[in-house]
Amino acid sequence: APFLERMAASLPYYKALTLRRNDGWPRLEQWFLAMESRPSYRHIQSDFYTHVHDLPPQIGRCQSVPEAEGFAAEIDGSDGSWSLPLPEDDGSLLQPLQGLPARAGA
């Protein structure tokens with residue numbers, strides 16, 4: 001799961017190739033949806049921003065194609081879709097944790 005998750009983030013960011021919601025690979029989308037329905041996966045699932053910025057220190061500089069600029073801007077938030085600091089949590093940030101069994105003694 002982590003390998004495909006990193007690919008789903010990095011390929012659009014650097015190469016403008018989307019794995020998710022791609023009609024060319026419908027079974028791959030089904031796999032992602034099945035994984036995301038599992039609380040055990042949602043608990044450890046990462047985000048696109050982290051994946052794309054962890055890659056260069058691991059493998060060196062990544063080459064982008066011009067067609068990927070829009071994807072990169074959306075993931076980085078430079079298109080204005082998000083910025084730091086994030087707004088106060090209205091409970092939605094905990095959404096991936098909902099449905100997990102309560103810890104004993106918590």
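Located above this text is the structure these notes cover.
Throughout what follows, the structure given in this document is the object of discussion. (Residues numbered from 1 in each chain as written. Predicted model: local features only at pLDDT ≥ 70, side-chain atom pairs only at ≥ 80, totals over all residues. Heavy atoms only, no water.)

1. Quick word on the overall build of the chain
The criterion, for reference: Numbering goes from the N terminus for both helices and strands, where a helix is a DSSP run of H or I of at least four residues and a strand is a run of E of at least two. For every residue, the accessible area (1.4 Å probe, protein chains only) is compared with the maximum for its type, and the residue is labelled buried under 20%, exposed over 50%, or partly exposed between those bounds. Note on contacts: a residue pair is in contact if any heavy atoms of the two residues lie within 4.5 Å. Accessible surface is estimated by sampling points in the Shrake-Rupley manner with a 1.4 Å probe; for residues, cover comes only from the protein chains shown.
The helix and strand inventory of the chain stands at 5 helices and 0 strands. From first element to last, N terminus to C terminus, the chain shows the α and β order α-α-α-α-α. Counting every position in the chain, which comprises 106 residues, the buried fraction comes to 23%. Long-range contacts, defined as pairs at least 24 residues apart, comprise 65% of the intrachain contacts of the chain with a sequence gap of at least 6. Here the chain displays about 7700 Å² of accessible surface, and carbon together with sulfur accounts for 57% of that area.

2. Considering the pattern of salt bridges
Where charged atoms of side chains with opposite charge meet at close range, the side chains can pair. What counts is decided by this rule: Whenever Lys or Arg places a side-chain nitrogen within 4 Å of a carboxyl oxygen from Asp or Glu, that contact is recorded as a salt bridge.
Following the criterion strictly, the structure yields 2 salt bridges and no others. Here E29 ties to R20 by a salt bridge, and the two come within 2.7 Å at their closest N and O atoms. Across the salt bridge formed by R20 and E36, the nearest N and O atoms sit 2.8 Å from each other. Of this pair, R20 sits in the loop between α1 (2-15) and α2 (26-36) while E36 sits in helix α2, and the two are 16 residues apart along the sequence.

3. A closer look at the packing of aromatic side chains
Inclusion rule: Between 30 and 60 degrees the pair is tilted, below 30 it is stacked and above 60 it is edge-to-face, where a pair is any two Phe, Tyr or Trp rings, Trp via its six-membered ring, whose centres lie within 6.5 Å.
If you walk through the whole model with that rule in mind, you get 3 aromatic pairs. Measuring from centroid to centroid gives 4.7 Å for Y13 and Y14, while their planes differ by 75°, and the two rings are edge-to-face. For the pair shown, Y13 and Y14 are each scored as buried. Relative to W82, the ring of Y49 lies with its centre 5.6 Å away and its plane at 90°, an arrangement referred to as edge-to-face. Here Y49, found in helix α4 (residues 48-59), pairs with W82, found in the segment after α5 (69-76); they are 33 residues apart in sequence, far enough to count as distant.

4. Details of α1
Quick reminder of the rule: Helix span, expected: 1.5 Å multiplied by one less than the number of residues in the helix.
Its 14 residues place the ends of α1 19 Å apart at the C-alpha level, agreeing with the 20 Å of an ideal helix rising 1.5 Å per residue. Considered for burial, the residues of α1 that qualify are E5, A8, A9, S10, P12, Y13 and Y14.

5. A closer look at α2
Rules: Picture the helix axis, draw a direction to every C-beta atom, and the arc is the one those directions span.
Along α2, the residues that are buried comprise L28, E29, F32, M35 and E36. For α2, the angular spread of the buried residues around the axis is 125°, confining them to a single face. Residues of α2 that are buried in the fold lie against α1 and α3 (39-42).

6. Side note on the nonpolar core
Note the threshold: By convention a nonpolar core is built from buried Ala, Val, Leu, Ile, Met, Phe, Trp, Tyr and Cys residues, the set being connected through side-chain atoms within 4.5 Å.
Membership of the largest hydrophobic core is limited to 8 residues, which are A9, Y13, Y14, V52, L55, C62, A72 and I75. For this core, the secondary structure elements donating two or more residues are α1, α4 and α5. It is α1 that contributes the most residues to this core, 3 residues altogether.

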